[in-house]
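Spelled out, the chains give:
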Amino acid sequence: MAAAALCAGVVAGCGDAPVGLPGGAAAGDPAGSGGGPPAGPLDAFACDPGLVAPELPLRRLSHTQYEHAVRDLVGVLVPSERDVILAEIDGALVTVPPDTRTGPDAKLGAMRRLDQTIYQETVDGAYAVGKAVGEAIVATDARLEAAAGLCATDGDAGNDAACVDDFIRRFGAHALRRPVTDEDVAYYRDVVGGSLERGDWVDVVTELLSAPWLLYFVELGEGDPALGPVPLGPYELASRLSFHFWQTLPDAELLAAAESGALLDDAGYQAQVERLYADPRTLDALGELAGDWLMPQDLPDLAMNVGTPAFDAFRGELTPSHELRGDMLDELGEMVAYYAHDTESGFDAFFASDRSFARSAELAAIYGVPRWDGGEPPQFAEPQRAGLLGRAALTASGLATTRPILKGVFARKALLCDRIEPPPADAMMVAAEAEAQSPAASARQRAEAISEARADCAACHQQTINPLGFVTESFDGLGRFREMETVYAPSSGEALAEVPVDSAAVPRVVAGDARPASDTATLARYMLESGKPQACFARHYFRFTFGRQEQDEADGCTLEEMYRGLLEGQSFGSVLRVLALRPEFRRRTIEP
Amino acid sequence: MSGQGRQAPPRGASRRRFLRGAGGLLLALPFLEGLEPRPVSAEPKAPRKRFVSLATQHGGSLGKDLHPPQASLTEAKIYAGQQVRRGDLSLGVSGETASLSPILSAGANKLTPTLVSKMNVIRGLSVPFYTGHHRGGHLGNWDIDGDPHGFEHIPTIDQVMAWSPSFYETTPLVRSMVCANGYGSFNWQNPVDRTGPVSTVAAFASSMALFQSIYVPPPGEGDAPRAPVVDRVLADYQRLRGSARLSGKDRERLDAHLQKLAELEQKLGTVYSCEPADPPGDTNSLGPVANDVAKTVQYWKFFFDVVAMAFACDTSRIAVLPLTCLYDPSFYAYPGGGWHESVAHQAGFISPHPPEEDPSGMQNASYRTQFAELFLYLLRKLDEIDEGEGTVLDNSLVAWTFEAGIYTHDSWDIPVITAGSAGGEIVTGKHLDYRDMDNRVGNAGDVESDRPERIYTGLTWQQYLGTVLQVMGLDPGEYESGGKGYGQHHQQADSGFEQHSAQVLAAQGDLLPLLKA
């Protein structure tokens, strides 16, 4: 569904709360004291194998997973007309609401998979989609024959019952993602009246596409739940794996592994994890992961301000298109895919990358590199751009100026998982005065003036937020590298001043680290040395995998294994696969 | 397929048999107690009332810019220990422009005496604690995920009335039409029994998605509508619910789904009467609308058209439309970029900028556009639908509210512009001022070099929300919890509650004064 999202997010602000370290430790913790970075990896998580975290009950498919499942089920019914039918049912599909990005912070690092709300429109929409699909397949004899066989149109009443039963068994196995039992067949066939009508087929399809086994991960497990967590059944495992890595239904090979029992064997299971992960279909999930984790809260349509005096003066010959924003965001997904999937590099290589993954000529031109065609990615012309925070998606504002404060908030929250208190009640009331005093000030100077105007803002901004943003000031509001910053009058576009960019700051990734940085490459190095991005990513990926927020103690073993793997240089992809191999992924607790 | 019957029982017989069984099962399950028929008044309430919430982020418009002149306040009375004032709205016309105030102005062909006679302009309502930014506070939920204000989510009043049998006698197709970007409406996971987490209510992301959900085309000639199979789907979930291998929390989730299926079944079982309608404009067809005033206006008009259609067909009676966002200058062609920092958070203060860059002027212009192009457009649409005794507008309460008061981030003196009398429940054509001019707010808003207007206490937003619920037909016993009126009653040490008199706080359960018809 194409959502015309209008809103960006809320304002993060200042406060003087200590900055949390991975694992919940606070600034002032010995790990960060003494004026230097931690001597070694932080003890971010503690593993107590005896603890079992409460699991998400009856998890529902995400909107993306549901849409993909419908797409593939329509493909099962009428392979040759899948896309035609999908277009026909679009009016129903659009009524299924998209998921809301959800998480400890509503805007930064929040993920759609964490939205487990059962909306009324989800229920209504699934029913409408089921009915629409049913009506689409009975629209022509050819479709009905493709879906149910010639018996559906042959005029022979004698085979009607068998025809319906066979359809329920075959299609139901895909829709319900498990073998269809005799009880199921009896249940779903019960809508059929005395004579088989086309409407009966609609009803059967509607029921199957509204079934709980389709819309939810129904996981009953095997074994005695009173004795503790129970292993998932083979078809339940197949669903977990398939929807996690591919965002859709299990394929025939995975179902065969479930049927044969191979999926219950460690070697067989691991082989399927490796196979699924290596498949290009995994890229869709990796794209969603990157998109949710790294979505900045304030990246607008970059063409939004074309035609306004200051922005036109600032952009010069570059006229950004409406597609540029998407290109920038896509690059983040391409990065994750390249390092975690295509090359099996380490997390460090991803986080400190000096390569461009710009697929579009427009973005590549901003980077001053050739367009990436999927082969060896070109190296940035400016070494200062290396590191995740040098990407255009994370530096651009779409304005004639930059937003160092918001960039700092993003880095602190989304990449380091630090907590920032909200601003005081009247925090922004100093802006006008600060701007009036220095209308020709640079973005950094304005941010400093605003932050320093009030003592209750200054501490947090100076120590925690602003420096991380200042280090990225070598990139302008369109993500272009710069050494000089021109300040424009908003209403006329007149150049008021040209000042050298000052990107030097003490980012204090951890408390007490007084080392300066002036480029994103150095900042990435400091961050990686701290272990905080690794611990933070472990949290994000945990949430993406399990659809819930982690519990530091009860989920400590899972988080610790991921964190250690990232820290010790295991391949990024292997760490992503680790979660699927953990016992927590393959079992569930059934509490009374 | 053939015309010959197979051995399966006839469709009708099969369905009837199921319904008997399912009915017994439903009544036997505790979770479905809330689905039993609710007591409703013997006679349907007439007229049918509607509620529309239009919400604008920020605020920061001074009283002199938004409100009619103080001189129009010709009546006064003592209420809750303070003076409250009222006067008639007086429309000034200059050339082709008609005005109630600098912001509330439009072409004289749009802002007509008839519409003005159906409006109210209200000031002096405050959220008595710091809110900063919020999305749901317009309708009573000030919690924001990730911003630790210390609140818990609570349902918004659109949902409170949407699930009240006092408001809906029958199940509508959509209880509350939450449009566009969401975050305006919150409710329990299980509204029937008010259990589960409170979270955002899904929004219709496009006008077409909303249309698909509220419009039922009239049956064509010869069509024999096929009975829905929601009952069968519902029974399928019951089938699973009986599994001994589900956890208690699994069952709670299934129960939530079952409640929604029951809601769907009721909706599909209701007959609606709609004239044939052309599909409305599709907001998705507009492409990016940010910073494009004409497109943004059109975007909301597409939604308004569907809302009016739903009201006319009576497939829904509530709409929630959050008009603006934090970052976009959606209703003003801002030349400089950075609307959020440079305009929205500086409006209201004495500007150090040249007139062409005055934040207040630009923000006021954006509000004027919302008033002239959207608020009045919706009013005209609703006033064109005759319902015998009055129009849909007459039977509605349209409330346009702002996120903050006269200074952004500050929740004192939040304006409310209304239209419609809610079926004759309230007076209209009035300018109402609930500020206590003897009680200045001390910790913010003192007149300083950059703050041109003083702030006073007044009546609370909780009382406003309760008033809306009451005029929509709800009894306070249906919604009051933890305090009078509706909304969070947060008691911080530095809470603004302390700056309100005990009499004002005690009066929060009342209908706002001078408003009752």
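Residues numbered from 1 in each chain as written. Chains lettered and ligands numbered in written order. Predicted model: local features only at pLDDT ≥ 70, side-chain atom pairs only at ≥ 80, totals over all residues.

Helix and strand content of chain B: 13 helices and 15 strands. Within chain B, the fraction of its 517 residues that count as buried is 56%. Across chain B, the fraction of contacts at a sequence separation of at least 24, relative to all contacts at a separation of at least 6, is 71%. (Helix = DSSP H or I, 4+ residues; strand = E, 2+ residues; numbered from the N terminus. Buried ≥ 20, exposed ≤ 12 C-beta atoms within 10 Å, placed from the backbone. Contact = placed C-beta atoms within 7 Å.)

Further remarks concern helix α12 (residues 266-278) of chain A. Residue and element names in this part refer to chain A. Taking 1.5 Å per residue as the helical rise, α12 with its 13 residues ought to reach 18 Å, and the 18 Å between its terminal C-alpha atoms agrees with that figure. Looking only at α12, the buried set comprises Tyr269, Gln272, Val273, Leu276 and Tyr277. One side of α12 holds all its buried residues, which, seen down the axis, span an arc of 130°. In this structure, the buried residues of α12 make contact with α10 (234-246), α11 (252-260), α13 (282-293) and α26 (572-581). (Expected span 1.5 Å × (residues − 1). Arc of directions from axis to C-beta.)

So, on to the sheet that holds strand β6 (residues 105-107) of chain B. All names here are of chain B. Strand order in the open sheet formed by three strands is β4-β5-β6, with antiparallel pairing between adjacent strands. For this open sheet the edge positions go to β4 (92-94) and β6, each flanked by a neighbour on one side alone. Between one strand axis and the next, the sheet turns through 25° on average, direction left out of account. Relative to β6, strand β5 (residues 97-99) is paired through three bridges, and the arrangement is antiparallel. Bridge pairing in β6 places serine 99 opposite serine 105. (Pairing = 2+ DSSP bridges. Axes fitted to C-alpha atoms, helices over the stretch in contact; angles between N-to-C directions.)

Because an α-helix completes one turn every 3.6 residues, residues spaced three or four positions apart along the sequence face the same direction. Residue and element names in this part refer to chain A. If you check helix α19 (residues 404-415), its first and last C-alpha atoms are 16 Å apart, about what 12 residues at 1.5 Å a residue would give, namely 16 Å. With 12 of 12 residues buried, α19 is to be regarded as a mostly interior element. Where α19 is concerned, the buried positions are Pro404, Ile405, Leu406, Lys407, Gly408, Val409, Phe410, Ala411, Arg412, Lys413, Ala414 and Leu415. In this structure, the buried side of α19 is in contact with α13, α18 (392-395), α21 (443-452), α22 (455-470), α23 (520-530) and α24 (532-546).

A word on the packing of helix α1 (residues 63-77) of chain A against helix α6 (residues 160-175) of chain A. In helix packing, the relevant descriptors are the interaxial angle and the interaxial distance, both defined with respect to the helix axes. All names here are of chain A. Remark: α1 packs on α6, axes separated minimally by 10 Å, with the N-to-C direction vectors making an angle of 160°. As far as their axial angle goes, α6 and α1 are roughly antiparallel. Relative to α6, α1 is oriented so that their crossing is right-handed. In this structure, α1 contributes Leu73, Val76 and Leu77 to the contact, and α6 contributes Phe171, His174 and Ala175. Here the residues of the contact of α1 with α6 are counted per class, giving five nonpolar, one polar and no charged. (Parallel < 35°, antiparallel > 145°, perpendicular 65-115°, else oblique. Left-handed = near helix turned anticlockwise from the far one by under 90°. Nonpolar A, V, L, I, M, F, W, Y, C, P; charged D, E, K, R; others polar.)

Further remarks concern the pairing of strand β10 (residues 195-200) of chain B. All names here are of chain B. In this sheet, β10 lies alongside strand β9 (residues 186-190) in antiparallel orientation, the contact comprising four bridges. Among the inter-strand pairings, asparagine 187 is bridged to a residue of β10, identified as serine 199. Linking β9 back to β10 in an antiparallel pair, the connection comprises four residues, with arginine 194 at a positive phi of about 55°.

The subject of this paragraph is the confidence of the model for chain B. All names here are of chain B. Counting all residues, the mean pLDDT for chain B is 83, and 83% of those residues have values of 70 or more. Contacts of residues 1-42 to residues separated by more than four positions or lying in other chains number 51 contacts, the stretch itself having pLDDT below 50. We note a pTM of 0.87 for the whole complex and an ipTM of 0.91 for its interfaces. (pLDDT = per-residue confidence, 0-100.)

Residue and element names in this part refer to chain A. Along the chain, phenylalanine 585 falls in the loop between α26 and β4 (587-588). Given 20 C-beta atoms within a 10 Å radius, phenylalanine 585 is considered buried. Excluding its chain neighbours within four sequence positions, the residues that come into contact with phenylalanine 585 are Arg240, Leu579 and Ala580.

Now for the nonpolar core. Core analysis: the largest hydrophobic core is formed by 301 residues, its most contacted members being Val129 of chain A together with Met177 and Cys179 of chain B. Looking at this core, the element that brings in the most residues is helix α8 (residues 293-313) of chain B, giving 11 residues. Contacts of valine 129 of chain A, omitting those with residues within four sequence positions, involve Val70, Ile89, Ala92, Leu93, Val96 and Leu209 of chain A. (Core = buried A, V, L, I, M, F, W, Y, C linked by C-beta atoms within 7 Å.)

Another aspect to go through is the pairing of strand β3 (residues 82-88) of chain B. Residues and elements named next belong to chain B. The buried fraction of β3 amounts to five of the seven residues, a majority that puts the element mostly inside the structure. Here strand β2 (residues 75-79) pairs with β3 via five bridges, running antiparallel. Pairing of glutamate 75 across the sheet is with arginine 86, part of β3. Where β2 hands over to β3, the hairpin turn is made up of two residues, of which alanine 80 adopts a positive phi near 50°.

Residues and elements named next belong to chain A. Relative to the assigned elements, isoleucine 405 resides in helix α19. In this structure, the C-alpha to C-alpha distance between isoleucine 405 and glycine 479, residues 74 residues apart in sequence, is 16 Å. With near-sequence residues (within four places) excluded, isoleucine 405 lies in contact with Ala447, Ile465, Asn466 and Gly469.

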